[in-house]
Amino acid sequence: MSKRLLLLLLVGFVVALVGSAVYWRGELGSGMRHDSSTAHTKGVYQCAMHPQIVSDEPGVCPICQMKLQRVDESVSPGAMAGATSTETQSGEKKVTFYRHPMRADVVSPVPAKDEMGMAYIPVYDDNSADGGDSVPGHASFTLSRERQQIIGVTRGRASVRPLSIDVRAAGRVAYDPKLYQAIVEYREAARSRSALGPTARDEAQSGGNALVRGAYLRLRQQGFSDEQIHELTRGTRDPVELLLPSESVWVYAQVYEYEAPLIRVGQTMSVTVPSQPGREFVAKVAAVDAVLDPTTRTVRVRGLVPTPDRSLRPESFVQVTIRVPLGEKLSVLSEAVLDTGAHQIVFVVTGEGRFAPRSVILGRTAEGYVEVMSGLSEGEEVVTSANFLIDSESRFRAAVASFKGARETPR
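Small disclaimer: the values here were computed from a predicted structure and weren't measured.

How each quantity is defined
Residues numbered from 1 in each chain as written. Predicted model: local features only at pLDDT ≥ 70, side-chain atom pairs only at ≥ 80, totals over all residues. Heavy atoms only, no water. Helix = DSSP H or I, 4+ residues; strand = E, 2+ residues; numbered from the N terminus. Buried < 20%, exposed > 50% of the residue type's maximum accessible area, 1.4 Å probe, protein only. Contact = heavy atoms within 4.5 Å. Areas by Shrake-Rupley, 256 points an atom, 1.4 Å probe, with all protein chains shown as cover. Phe/Tyr/Trp six-rings, centres within 6.5 Å; stacked < 30°, edge-to-face > 60°. Pairing = 2+ DSSP bridges.

Got a minute to help me understand the overall build of the protein in this structure?
Scanning the protein for helices and strands turns up 8 helices and 20 strands. Considering the protein as a whole, with its 411 residues, one finds that 36% of them fall into the buried category. Sequence separation of 24 or more characterises 69% of the internal contacts of the protein that already satisfy a separation of 6 or more. For the protein, the exposed area adds up to about 24500 Å²; of that, 56% sits on carbon and sulfur atoms.

I keep staring at the packing of aromatic side chains and nothing clicks. Help me out?
A ring pair, where both rings are aromatic, is described by two values, the distance of the centres and the angle of the planes. If you walk through the whole model with that rule in mind, you get 2 aromatic pairs. Relative to Y258, the ring of Y256 lies with its centre 6.4 Å away and its plane at 15 degrees, an arrangement referred to as stacked. Note on Y256: relative accessible area 46%, which makes it partly exposed. On the basis of relative accessible area, Y258 is assigned to the exposed category, the value being 54%.

Where do I start with unusual backbone geometry in this structure?
Residues other than glycine predominantly adopt negative phi, and peptide bonds predominantly adopt the trans conformation. One non-glycine residue with positive phi stands out, namely E367, at about 55 degrees. Checked against the element boundaries, E367 lands in the loop between β18 (361-366) and β19 (369-374). According to the relative accessible area criterion, E367 is partly exposed, its value standing at 46%. At A386, a position not held by glycine, the phi torsion is positive, near 65 degrees. Here A386 lies in the loop between β20 (381-383) and α8 (387-408). A relative accessible area of 18% places A386 in the buried class.

So what exactly am I meant to see when it comes to the pairing of strand β11 (residues 268-272) here?
In regular strands, side chains alternate between the two faces of the sheet. Inspection of the sheet shows β11 paired to strand β12 (residues 280-288) by 5 bridges, in the antiparallel sense. Along β12, the bridge assignment pairs M269 with A283. The pairing of β11 with strand β14 (residues 317-333) spans 4 bridges and is classified as antiparallel. Among the inter-strand pairings, V271 is bridged to a residue of β14, identified as V320.

Here it is in structure tokens:
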């Protein structure tokens, strides 16, 4: 009796298990049929590092060789039947998909929350490229205030402000026999020509003029102006003082080619010497060479530094700083500019949460600001932080819009 009872219990358990499996299989199949009848999912594959790379098939990015990430878009049967409007019949904007609040490569076709309980960000169709942007591969878009706070967006205005730049250069205390020789030759040539007098023969006058012109040209190549050269002729100072000065020394600074146009005679130069920490010598720029050094791509700048205590020895190394005022310039914070390689762009805030890429032409950078020569107007508001994330979003929107347009174009 006990064996029969045990056998009956075992048969009953097996029948119940099979019935349960059949029931749940029917329910799951019904759910799957219901889902497939109400919605259809299509995939877009995009590179997480290069948002402009979009494909409708799995693959790798041709730039960085990373695997393309799937970006799912939920499409209703009505849309598959040919609905093309970006708004519903009630006038509400259509949500294309939902994006992870911290990771742009993680999306969902339906509302969801991340692992910290934060809601995914809806992405609307009207956030794609509007065709009016000035930077290829970028698009205007809108971000909510909450989203801007999460990624740390800050803003600043383009304004006209006085700018100054410090031109820094390595230099040395000069020991320049060539300069000494050029000055002596010019003085002697000028005196010889004056000694000839008006009664001298034409050949003598011509020879004297040639000597003076040759000496004059050498001094001009050394960076002296006409006024300084004439002063050398009238001066009574011993030329040896220029070679080994007793109360002042020549300091030569090598200024790079791109900064040379900023240097003018008469500007103040500050000289510091590593061997005398804490001490600063102040002088004026006396001359700027007219010829560029082809090896170092620098221009030699001369300054006569007073040293009554003879504390600077010839051939000593020094550091030179020349303060150059640039004047009143339209400028923005340097952090506002993003260099893409092909363009230098800023993101202009054109409305509440609306960001538009703008190509600009820049001048010099000074005191944390950069001069804007064209592309912006005074008072316009630009993004000053989180530019990399804003740029990625702009590229992503442009790539998605371009990909959608290519798929919708009849072939």
